[in-house]
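# Commentary on secondary and tertiary structure
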Amino acid sequence: MRKLLLTSLRSPYLDDAKIYSPLGLLYLKSAVEEAVKDVVVDLRDDYDLEYPSQLGGYDFVGLSVMTPQRQEASNVLKTIKEHYPETKVIIGGPHALHYQEDVMKEPYDFVVPRDGQRSLIKILEGSTDRLQYDVMTRSEWGNQPRPDRSSFKARQFLFHYNYKLNGRSAATILTATGCPMKCTFCEEAETATRWSPLEKICDELDDIQSLGNRAVYIFDDLFAIAMTKVVPIVEELSRRDLIYRCNGQANFFTKWGENFAQLLGETGCYEIAFGHETGSQKILDNTLKQTTVKQNWDSIKYAKKHGIKVKSFLMIGLPGETYETIKQTEDFIANAGMDDFQLCVYYPYKGTQIRDAIDRGDNLVDITFEGEGLGAYGQKGGKSECVVRTSELTSEQLLAERDRLVAKYKPESHSHFFDTHLDTEVEYE
Ligand code: B12
């Protein structure tokens, strides 16, 4: 039997990297095991490069990489190549897609942008093409095997992830991938929505419940988007007494008046997270968010009215940001009624329309990129980083404004901020 190790990378810049499990690897494991009979698949998310033998003995090692993990990925690659030169190293995940040019310059044996299921199978079946790009159609996505949460190895792997929703042990699930929106700051903009069939979602929920979970976090970029698609899923969750958290988009959420909020509230939605981004209409328009400030405010009002906790994802440093637009975001934080928020400074990842415009030297966007940083919005100690400036605000001013708002409004999401910024907090008050 050949041996394949699928590993997600350590993220030492996060406060806790063991909250949400890397679902992608569980999808890959199932796909490979169904299609390739002579391969044993192991999962790993922790290792110590001081002890390379933890990564030894494999014919293939697959790394799942997000951009902030790129240095760690290079370190793992180097270690494996040094100690186990026969092992083929495969890189996949969002970094392999959006930073493909950079990744191709490194000695990875295979580079897998986008859907990895069939590419991995092709590699195991002997394909020698170094770049393996694949996108599954809607029906192919719907027909793939469900992610493995039930094998002994998967259970062992999942055991280390600890996510609680209202005190209940929670698992993550994906009911659909893709996002139809055009937001210029997002890599996932305008990607085809591919749903999992309800029967498969039910099988996944069986797996999730058999692990003792009584809650789920629906990872979909946007879940609360199409009522007709959502109704059978939330009814199923309610029937099983699984409370849930999901992501919404203010425009779609408020399109039906309060009906969407009522539906979610009545079926056990404990928390909804909205990418509100900003309190400024100018910034929403500058980034093609297709949402009004009023919809942002209404989304919170409706959700709260129906008993749902609201978390708001906010950014500053988007094109055209000024002290005035930040003041509007502050007003939104102070008065719109959210329970929690996460406030970061925008990072122009490759693959976003803003970054494309910057790289083209397009002066129409009021944002300047000062060069790559770590690339993680939220970092240890509640910190953020800033690698951009606008015509009115320097990167230092943007970061200072971000820290000022966090210190002043003390959101639960940034509780670690206060462990490390106690002096600053006093200063700001
Ligand atoms: C859930 C999620 C998280 C979760 C958990 C992630 C996890 N453990 O898997 C949390 C909240 C922790 C998180 C954190 C962050 N995230 Co996030 N996250 C997502 C989200 C919404 C879904 C990921 C997911 O499960 N997708 C579904 C699975 C099936 O897809 P997948 O993981 O991509 O895997 C498939 C392929 O990529 C490929 N593949 C993946 N790995 C491998 C490995 C091999 C060997 C092969 C062959 C193929 C392969 O095959 C898989 C099956 O098709 C995505 C957006 C999105 N729609 O993908 C953003 C996304 C991945 N996150 C992103 C970012 C920026 C972050 C943060 C940096 C934000 C921050 N806090 O600063 C952090 C970084 C965390 C870290 N460890 O460094 C970006 C990544 C951009 C980039 N260039 O890397 C995305 C694309 C969102 C966005 N549009 O900005 N994230």
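The structure contained in this document is the topic of the report that follows. (Residues numbered from 1 in each chain as written. Predicted model: local features only at pLDDT ≥ 70, side-chain atom pairs only at ≥ 80, totals over all residues. Heavy atoms only, no water.)

Here the focus is the overall build of the protein chain. The helix and strand tally for the protein chain stands at 18 helices and 16 strands. Since a compact globule built from 429 residues should have a radius of gyration of about 22 Å, the 22 Å found for the protein chain is in line with a globular shape. Among the 429 residues that make up the protein chain, the fraction classed as buried is 55%. Across the protein chain, the fraction of contacts at a sequence separation of at least 24, relative to all contacts at a separation of at least 6, is 73%. Of the roughly 18,500 Å² of accessible surface on the protein chain, a fraction of 50% belongs to carbon and sulfur atoms. In the protein chain, 51 side chains carry a positive charge and 66 a negative one; their mean positions are 3 Å apart. (Helix = DSSP H or I, 4+ residues; strand = E, 2+ residues; numbered from the N terminus. Rg over C-alpha atoms; globule rule 2.2 N^0.38 Å. Buried < 20%, exposed > 50% of the residue type's maximum accessible area, 1.4 Å probe, protein only. Contact = heavy atoms within 4.5 Å. Areas by Shrake-Rupley, 256 points an atom, 1.4 Å probe, with all protein chains shown as cover. Lys, Arg positive; Asp, Glu negative; His and termini not counted. Charge placed at Lys NZ, Arg CZ, Asp CG, Glu CD.)

Side chains that are nonpolar tend, in soluble globular proteins, to be buried together. Membership of the largest hydrophobic core comes to 69 residues, with the highest contact counts inside it found for Tyr-244, Phe-253, Leu-264 and Ile-272. The element that contributes the greatest number of residues to this core is helix H9 (residues 227–239), accounting for 5 residues. The next biggest cluster of nonpolar side chains, apart from the first, holds 28 residues, and it includes Leu-6, Leu-26, Ile-90 and Trp-141. (Core = buried A, V, L, I, M, F, W, Y, C linked by side-chain atoms within 4.5 Å.)

The next thing to look at is unusual backbone geometry. Non-glycine residue Glu-190 carries a positive phi angle of around 55 degrees. Counting through the fold element by element, Glu-190 comes out in the loop between strand S8 (176–179) and strand S9 (191–195). Even without a glycine there, the phi angle at Leu-288 is positive, about 55 degrees. When you line up the elements, Leu-288 lands in the loop between helix H12 (281–286) and helix H13 (293–305).

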